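# Topology and contacts: notes
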Amino acid sequence: MIQVFPAHTRNSSDLGWLKGYKSFSFGDYFDENNTSFGVMRVCNYDEIAAGRGFGPHPHSDMEIVSVVLSGAIKHEDSLGNVAITAVGGVQRMSAGSGVIHAEYNASDSEPLSLFQLWFMPAKRGTEPSFENVTYVPEAMTNALLPVVTPEGGEHQAKIYQDMSIYLSKLEAGKELVFNQGENRRIFLMVISGKLEANQAQLETMDSARMEAESTLVLRAVEDAHFMLIDLP
């Protein structure tokens, strides 16, 4: 089963310094029929003005991943971590038993755009931790590049949940096949371009939620940049 969510159906807000687009209930936006997809709780696309960001605030029992699309983000937390992540980088914070963090656009002149993704952890109350990794952007050309996995590794952030995040840039006319494990889910987000997923048509910033699709055939109708998340 595939459900397609066109870009225009996301909740949007504009605070001047922050333009946000929410795929799930978040903050002052609540839809009782759209609070999560399996362990996936948040998918926000944010555009943050130069020199602005989110001041110190607490989190607990959540796996939080930031995927930078343009610009750079600066992270600071109560564990003493300070990191800047630019395009080609991913941040993962396991809030665990509790952490306070802040996130800012690292530039005083350039805007920042990113996805912020939240997932419920496999176990509550763990020790909080933070990881900042880079990947090789060229490696996602016509391939599914894992950037977040349960095992972690070189160029992969380790997440404390049975799930993986892949990025891809698929050239027009090319295909990729993803074989889904039994009783698992897939969340698909088209960052740019046009993509066909088992005959379902998706355009820029459209997303899809999939269950019981044992084989997923992805074909780029035009050059497509997308994110695929394999979920329990």
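Owing to the predicted nature of the structure, the values given are computational and were not obtained by experimental measurement. Here the residue numbering is sequential within each chain, running from 1 through the sequence in written order. Totals for whole chains, interfaces and linings use all residues, but because this is a predicted model, local features are given only for residues with pLDDT of at least 70 and pairs of side-chain atoms are given and counted only at 80 or more. Each side-chain value is worked out from all heavy atoms of the structure, with water and hydrogens disregarded.

### A look at the environment of F178
- Mapped onto the secondary structure, F178 falls in strand β16 (residues 175-179).
- Burial here depends on accessible area, computed with a 1.4 Å probe over protein chains only, as a share of the maximum for the residue type. Under 20% is buried, over 50% is exposed, and the range in between is partly exposed. By relative accessible area, which is 10% here, F178 ends up buried.
- Separated by 50 residues in sequence, F178 and L228 place their C-alpha atoms 9.6 Å apart.
- Should any heavy atoms of two residues lie within 4.5 Å, those residues are counted as being in contact. Once you skip the residues sitting within four places of it in the chain, F178 turns out to touch L144, Y166, I186, S214, T215, L216, L228 and D230. Secondary structure elements follow DSSP: runs of H or I no shorter than four residues count as helices, runs of E no shorter than two count as strands, and numbering proceeds from the N terminus.

### Regarding the pattern of salt bridges
- Salt bridges are defined by distance alone: a side-chain nitrogen of Lys or Arg within 4 Å of a carboxyl oxygen of Asp or Glu. Under the defined criterion, the tally for this structure stands at 7 salt bridges.
- Measuring nitrogen to oxygen at the nearest pair gives 3.0 Å for the salt bridge that ties R92 to E131. Remark: E131 occurs in strand β12 (residues 129-134) and R92 occurs in strand β9 (residues 89-94); sequence separation between them is 39 residues.
- Classification of R92 as buried rests on a relative accessible area of 4%.
- A relative accessible area of 22% means that E131 is categorised as partly exposed.
- As a salt-bridge pair, E196 and R219 come within 3.5 Å of each other at their nearest N and O atoms. Taken together, the residues span a long stretch of sequence, with E196 in strand β18 (residues 195-197) and R219 in strand β21 (residues 215-220) at a distance of 23 residues.

### Considerations on the environment of V42
- Mapped onto the fold, V42 is located in strand β4 (residues 40-48).
- Judged by its relative accessible area of 1%, V42 is buried.
- Sequence separation between V42 and M120 is 78 residues, and the spatial gap between their C-alpha atoms is 9.7 Å.
- Once you skip the residues sitting within four places of it in the chain, V42 turns out to touch F24, F26, Q116, L117 and W118.

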